Amino acid sequence: MIILWGFLQALIFPGFLFLSVYALFAEWLDRKLFAQMQNRIGPPLIQPLADTIKLFSKETIIPKAVQAGLFTLLPYFSFAAVVTSFLFVPVYATPAISSFPGDLVIVAYLLTIPTLVLSLAGWSSDSTYSILGGIRALTQLFAYEVPFFLALFTPALLLGTWNISEIAARLPGYLLANPFYFIPVLISFLVGIVALQGKLERKPFDIPDAETEIVAGPFTEYSGRLLAIFRLSIDMEMVCGASLLAALFLGGPQPFISWMPGIISYLLKTLAIIFILAYIKAAVGRIRIDQMIRFGWQILAPLSLVGMLMVVLFQKGGLI
Amino acid sequence: MSAQTGSWVEIPAGEVRQWVADFLDSGQMRVLSTITGYQEGERIAIVYHFVHKESAGLNLRVFVPLSAPTLPSISPILSAGLLYEREIQDLLGVTFEGILDPRRLILPEEFPVGVYPLRTNYHYHGAEEKETPGQPGGKAE
Amino acid sequence: MSERMILPIGPQHPLLKEPIHFKFTIEGELIVEAEIRMGYNHRGIEKAAEERTYLQDLYLTERICGICSHVHATNFAQATEEIMGLQIPPRAAYLRVVVGELERIHSHLLWLGVAGHEVGYDTLFMVSWRDREIAQDLLEIITGNRVNYGMNTLGGVRKDLDAEQIDQTRKGLQELAERTLYYGNVVSNETTFIARVANVGVLPKEVAYSSGAVGPTARGSGLDYDVRKHLPYAAYGEIPFEVVTSPRGDVLGRALVRVGELLESVKIIRYCLDHLPDGPIAVKAPRKVPVGEAVSRYEAPRGECIHYVRSNGSDKPSRVKVRAPTMGNLASIRHCLLNQQVADIPIILAAIDPCFSCTDRTVMLVKEGTREAEVMGWEELRLRSIARRPI
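The shown structure was predicted, so the numbers you read here are calculated from the model rather than taken from an experiment. For every chain, the first residue of the written sequence is number 1, and numbering continues from 1 onward in sequence order. The order in which chains are written sets their letters, starting at A; the order in which ligands are written sets their numbers, starting at 1. Where local features are concerned, this predicted model is filtered to residues with pLDDT of at least 70; where side-chain atom pairs are given and counted, the filter is 80 or more; whole-chain, interface and lining totals use all residues.

Structural notes on the overall build of chain A
Strands are runs of DSSP state E lasting at least two residues, helices are runs of H or I lasting at least four, and both sets are numbered from the N terminus onward. Each helix and strand in chain A was counted, giving 13 helices and 0 strands. In sequence order, the secondary structure elements of chain A are arranged as α-α-α-α-α-α-α-α-α-α-α-α-α. The globule rule puts the C-alpha radius of gyration for 320 residues at 20 Å, and the 20 Å found for chain A is close to it. Structurally, chain A occupies a C-alpha span of about 65 × 50 × 40 Å along its principal axes. Around each residue's C-beta, the other C-beta atoms within 10 Å are counted; 20 or more make the residue buried, 12 or fewer make it exposed, and counts in between make it partly exposed. All C-beta atoms are placed from the backbone. Taking all 320 residues of chain A together, 50% fall into the buried category. Two residues form a contact once the distance between their C-beta atoms, set from the backbone, is within 7 Å. In chain A, 79% of the contacts between residues at least 6 apart in sequence involve partners at least 24 apart. Restricting the calculation to C-alpha atoms gives the radius of gyration, and the globule rule supplies 2.2 Å times the number of residues raised to the power 0.38.

Shown next, in the form of structure tokens:
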């Protein structure tokens, strides 16, 4: 019975179906905000769904020079990794569908898989543009991954647990009791958002997908069903990343106002993060890969270290 | 003649590189606007259009015979001339000796060698005028 | 020793608005060699011009390019008018300037959007093209069309400006001036934009000089040459304005030059509207042109455009030579691209503001699967373009 219940949760709510619907909605929101900030109208609500259906109905062309097996399987790997990582993020209540100590580390690694898949896809496509895109995706990984991890681990360090659901449940209370720690949590949150923008390969970090330079980067040779799965997995990654940040830094479904249902609290927080991501995307241009590396190591990483150091020194040092 | 057209100078074709070198050394050149070629009977004229620093045009004209259309290239001393000379090579069949890059510039690789579109003996092989649907007088669809 | 890869760009590529072929040899992200192959837009216009009358050629040359159509029409008209010995009335000269400067405004705003898009700054692209519509609307009010204005005739212009059009133009100019100040601010201060254009695609002054660069590409490297100032045509001899240069030599320098020119254009148009002389707008031109030759130069948005016309006394020119500014800047491109990064290719190419339609001017059809080629003549091309079923 428990297995059936878990199964239903994983497939429908808050699992796969909820994630898909929310992902499509998030893509629409992102595109609409992007358009409105540029004085345009933007697409209607069902546009992402229409795009997905359209892509599914188109012919999937596999270039002769690639290994068909690897080429076809890669989008599904990325898809599976993202959906799996969503199981550990609390949505409407804590704990999440699956929760155990250490699941933060698992989710952090699972969310790295889409980038690795992207590089592999670029390499296996055997076209100059894809290979360049794949190389850039890997290079970019080195710039944002370390700050991202450091930012994620700061609240874990603060509360002494590696369980996402537990962090989400305890963080608001802890912060209200010890308001000094708002500072390191805020710093890590900001670093996390910027690093998430890099992980999702959105402006100013959309270097692997630089349309004007390398056509579509690793996606150049993908079409039809495979491209739809790739795009869907990227949208889901955005929701996953936003949910993870909301759970770790904002308390996830734990409401700030006591009567608010968990799901509303969760939705509000993730929507706020998505709004910030869309705003960054509209406000800036794309930077170059060498500038990104410099930015990641000279600015992001030190900032995330500052957050972490504050926690170590003050909490563990017993100062506050 | 207006200041834009400016003055005309004519020299023998073989002296063109020396003349341009002297002009460059004098520091009086503002820019080389372009190089024109045209056919006049049995000879081809090459005109170098400069702008003189004293805000006037300066046009240098040389002639080469159709039977031996060769003259020195100025691209080694003035790289601006390279693309213009390549264009004249393609379209008029003139050979610029010592040109830095003799490859075809605007004609496609499949274009027949020895055919020069800007020469007066080159005409398009057009289709005959026939009544097509949509033209006045054509059959209604 | 890192492996070299060949990166082909074009003739179809998202970064290019028009077809051209580049073959880059890259080591990692660094460009070590660049080869250019043009001719994809060659339409045989110079040859076609020899088979049409001067008035037909006026319309033919206007269609060399969409963005700078007035440039070519005016240039050709000027060259022909010089051979004919015609002096156009002062009002016509001023009207040519008004349309020409509006064209410069719309072209530079177009460039700003394209440059933004090339560095991934889509917001700049959308916003600058929205403001470009102001200039386009003004051009439509004055000439009746957004491109290919048909404003010129041999001997003057075809349309006059009435009081209401002048009024609307002034209002539009006011808005354009404000927006331009905003763009100047963006170009000078926006961090991600500057990070992508500062010290990118550097063209030293000596290389610009020896490779024959013109226009904002040359002025952005400190070369002081503007046809409007040094070889004035139309009414420019009487209009006070500044030539905008920048000593930087990189893409940012060229961007600053173009934004500066936007402001100058607004000033020039205002001066023209304030000092518009009365009188006729055209003089009658003879159908047969006396024997002669003339060179005409025009400062197009992209640089110096030169037309050379030779007449043999008939009603058709014996030679029409057009060198559009992009060809003059193409020679400098190779220098700008070497030792730069792949990511900078789009913005370096965009920085010369290429207009390959202007640059190329024989359509070749290659039978599918074979290397046999067929030359298509003008008539056949025309038939194919109007036939409703495939021939």
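Observations concerning the overall build of chain B
Of the regular secondary structure elements, chain B holds 2 helices and 6 strands. The burial tally for chain B puts 42% of its 141 residues in the buried class. Nonlocal contacts in chain B, meaning residues at least 24 apart in sequence, comprise 52% of its contacts between residues at least 6 apart.

Here we look at helix α4 (residues 90-118) of chain C
Under the convention used throughout, the expected extent of a helix is 1.5 Å for every residue step, that is, one less than its residue count. Compared with the 42 Å implied by 1.5 Å per residue over 29 residues, the 42 Å span of α4(C) between its first and last C-alpha is a close match. C:Gly120 sits one or two residues past α4(C) and shows a positive phi near 80°.

Observations regarding the arrangement of the chains
Interchain contacts are distributed over 2 pairs of chains, and the most extensive set of them lies between chains B and C. The closest approach of any C-alpha atom in chain A to one in chain B is 25 Å; the two make no contact.

Here we look at the pairing of strand β8 (residues 317-323) of chain C
All names here are of chain C. Across the 7 residues of β8, 6 count as buried, placing the element largely inside the fold. Across 6 bridges, strand β7 (residues 303-311) lies against β8 in antiparallel orientation. Its bridge partner being in β8, Tyr-308 is matched across the sheet by Lys-321. We call two strands paired when DSSP finds no fewer than two bridges between them. Counting the residues in the hairpin turn of β7 and β8 gives 5 residues, including Gly-313, whose phi is positive at 95°.

Some words on the interface of chain C and chain A
Tallying the contact residues gives 24 residues for chain C and 23 residues for chain A. Looking at the side of chain C that touches chain A, the elements with two or more residues in it are β1 (4-9), α4, α5 (122-143), α7 (191-197) and α13 (345-351) of chain C. When grouped by side-chain class, the residues that make up the side of chain C that touches chain A number 14 nonpolar, 6 polar and 4 charged. By the convention adopted, Pro, Cys, Tyr, Trp, Phe, Met, Ile, Leu, Val and Ala count as nonpolar, Lys, Arg, Asp and Glu as charged, and the other residues, Gly among them, as polar.

Some words on the sheet that holds strand β4 (residues 56-65) of chain B
Residues and elements named next belong to chain B. The strand order across the open sheet formed by 4 strands is β1-β4-β3-β2, and the pairing between neighbours is mixed. Taken across any chain shown, the strands that pair with only one partner, and hence form the sheet edges, are β1 (7-10) and β2 (29-40). Looking at each pair of strands side by side, their axes are set apart by 20° on average, direction ignored. Of the pairings in the sheet, the one linking β1 to β4 comprises 4 bridges and is parallel in character. Residue pairing in the sheet places Val-9 in a bridge with Leu-60 of β4. Only the stretch in contact is used when a helix axis is fitted, and all axes are lines through C-alpha atoms; the angle between N-to-C directions ranges over 0 to 180 degrees.

Describing the nonpolar core
Ranked by size, the top nonpolar core spans 232 residues in total, and within it A:Val89, A:Ile164, A:Val239, A:Leu245, B:Ile46, C:Val97 and C:Ile347 carry the most contacts. Excluding its chain neighbours within four sequence positions, the residues that come into contact with C:Val97 are C:Ala234, C:Ala235, C:Tyr236, C:Ile239, C:Ile268 and C:Cys272. Linking buried Ala, Val, Leu, Ile, Met, Phe, Trp, Tyr and Cys residues through C-beta atoms within 7 Å yields a set, and such a set is a nonpolar core. Counting residues in hydrophobic clusters, the runner-up holds 8 residues, among them A:Phe71, A:Leu120, A:Ala137 and A:Leu141.

Quick word on the sheet that holds strand β3 (residues 30-37) of chain C
Residues and elements named next belong to chain C. Here we have 3 strands laid out as an open sheet, ordered β1-β2-β3, and antiparallel in their pairing. Edge strands, defined here as strands with exactly one partner in the open sheet, are β1 and β3. Strand after strand, the sheet turns through a mean of 20° between neighbouring axes, direction not considered. With 7 bridges joining them, strand β2 (residues 21-27) and β3 adopt antiparallel strand pairing. Residue Thr-25 lies in a different strand from β3, and its bridge partner there is Glu-33.

Let's talk about the confidence of the model for chain A
Per residue, pLDDT measures the predictor's confidence, with a range of 0 to 100. Predicted confidence across chain A gives a mean pLDDT of 87, with 97% of residues reaching 70 or more. Of all secondary-structure elements in chain A, the lowest mean pLDDT belongs to helix α10 (residues 211-214) of chain A, at 62, while helix α3 (residues 47-57) of chain A reaches the highest, 94.

A look at the environment of B:Ala56
Residues and elements named next belong to chain B. Tracing the backbone shows Ala-56 in strand β4. Given 18 C-beta atoms within a 10 Å radius, Ala-56 is considered partly exposed. What Ala-56 contacts, discounting residues up to four positions off in sequence, is Ala-3 and Gly-6.

Here's the deal with unusual backbone geometry
We note that A:Asn39 has phi near 70°; this positive angle belongs to a residue other than glycine. Along the chain, the position of A:Asn39 falls in the loop between α2 (16-37) and α3. With a phi angle near 60°, C:Asn199 is a residue other than glycine that sits in the positive phi range.

Concerning the pairing of strand β6 (residues 292-300) of chain C
All names here are of chain C. With 8 of 9 residues buried, β6 lies mostly within the body of the structure. Pairing of β6 with β7 involves 9 bridges; the strand directions are antiparallel. By the bridge assignment for β7, Glu-293 is matched with Arg-310. Hairpin geometry of β6 and β7 is characterised by an intervening segment of 2 residues between the two adjacent antiparallel strands.

Remarks on the packing of helix α7 (residues 128-159) of chain A against helix α13 (residues 289-316) of chain A
Residue and element names in this part refer to chain A. Their axes nearest at 9 Å, the elements α7 and α13 cross at an angle of 15°. It follows from the interaxial angle that α7 and α13 lie roughly parallel. Along this stretch, α7 crosses α13, giving a crossing that reads as left-handed. In terms of residue class, the contact of α7 with α13 is built from 19 nonpolar, 7 polar and 1 charged. Relative orientations are named as follows: roughly parallel for angles under 35 degrees, roughly antiparallel for angles over 145 degrees, roughly perpendicular for angles from 65 to 115 degrees, and oblique for any other angle. In this scheme, a crossing is called left-handed if the near helix is turned counterclockwise away from the far one by less than a right angle; it is called right-handed if the turn is clockwise.

With respect to the confidence of the model for chain B
Low pLDDT means the predicted atomic positions in that stretch should not be read closely. All names here are of chain B. In the predicted model, chain B carries a mean pLDDT of 83, and 87% of its residues have values of at least 70. Scored below 50 in pLDDT, residues 126-141 shows 21 contacts in the model against residues more than four places distant or in partner chains. Overall fold confidence for the complex sits at a pTM of 0.84, while the interface term, ipTM, reaches 0.84.

Observations regarding the packing of helix α4 (residues 68-86) of chain A against helix α11 (residues 224-250) of chain A
Residue and element names in this part refer to chain A. Relative to each other, α4 and α11 sit at 25°, their axes nearing to 9 Å. Between α4 and α11, the angle is such that the two are roughly parallel. For the element pair α4 and α11, the recorded crossing hand is left-handed. Each of Thr-72, Pro-75, Tyr-76, Ser-78, Phe-79, Val-82, Val-83, Ser-85 and Phe-86 in α4 lies in contact with α11, whose residues at this interface are Leu-226, Ile-229, Phe-230, Leu-232, Ser-233, Met-236, Glu-237 and Cys-240. By residue class, the composition of the contact of α4 with α11 is 12 nonpolar, 4 polar and 1 charged.

A short note on the environment of B:Asp101
All names here are of chain B. Looking at the secondary structure, you find Asp-101 in the segment after β6 (95-97). Overall, the presence of 12 C-beta atoms within 10 Å leaves Asp-101 in the exposed class. Residues Asp-101 and Gly-57, spaced 44 residues apart in sequence, show a C-alpha to C-alpha distance of 28 Å. Beyond its immediate stretch of four places on either side in the chain, Asp-101 contacts Leu-82 and Arg-86.

Considerations on helix α2 (residues 54-62) of chain C
Within α2(C) the residues assigned to the buried category are C:Tyr54, C:Asp57, C:Leu58, C:Leu60, C:Thr61 and C:Glu62. Structurally, α2(C) contributes buried residues whose contacts are with α1 (45-49), α3 (69-84), β4 (152-153) and β8 of chain C.

A closer look at the environment of A:Ala65
Inspection of the secondary structure assignment puts A:Ala65 in the loop between α3 and α4. Between the alpha carbons of A:Ala65 and A:Thr128 there is a distance of 13 Å; along the sequence they are 63 residues apart.

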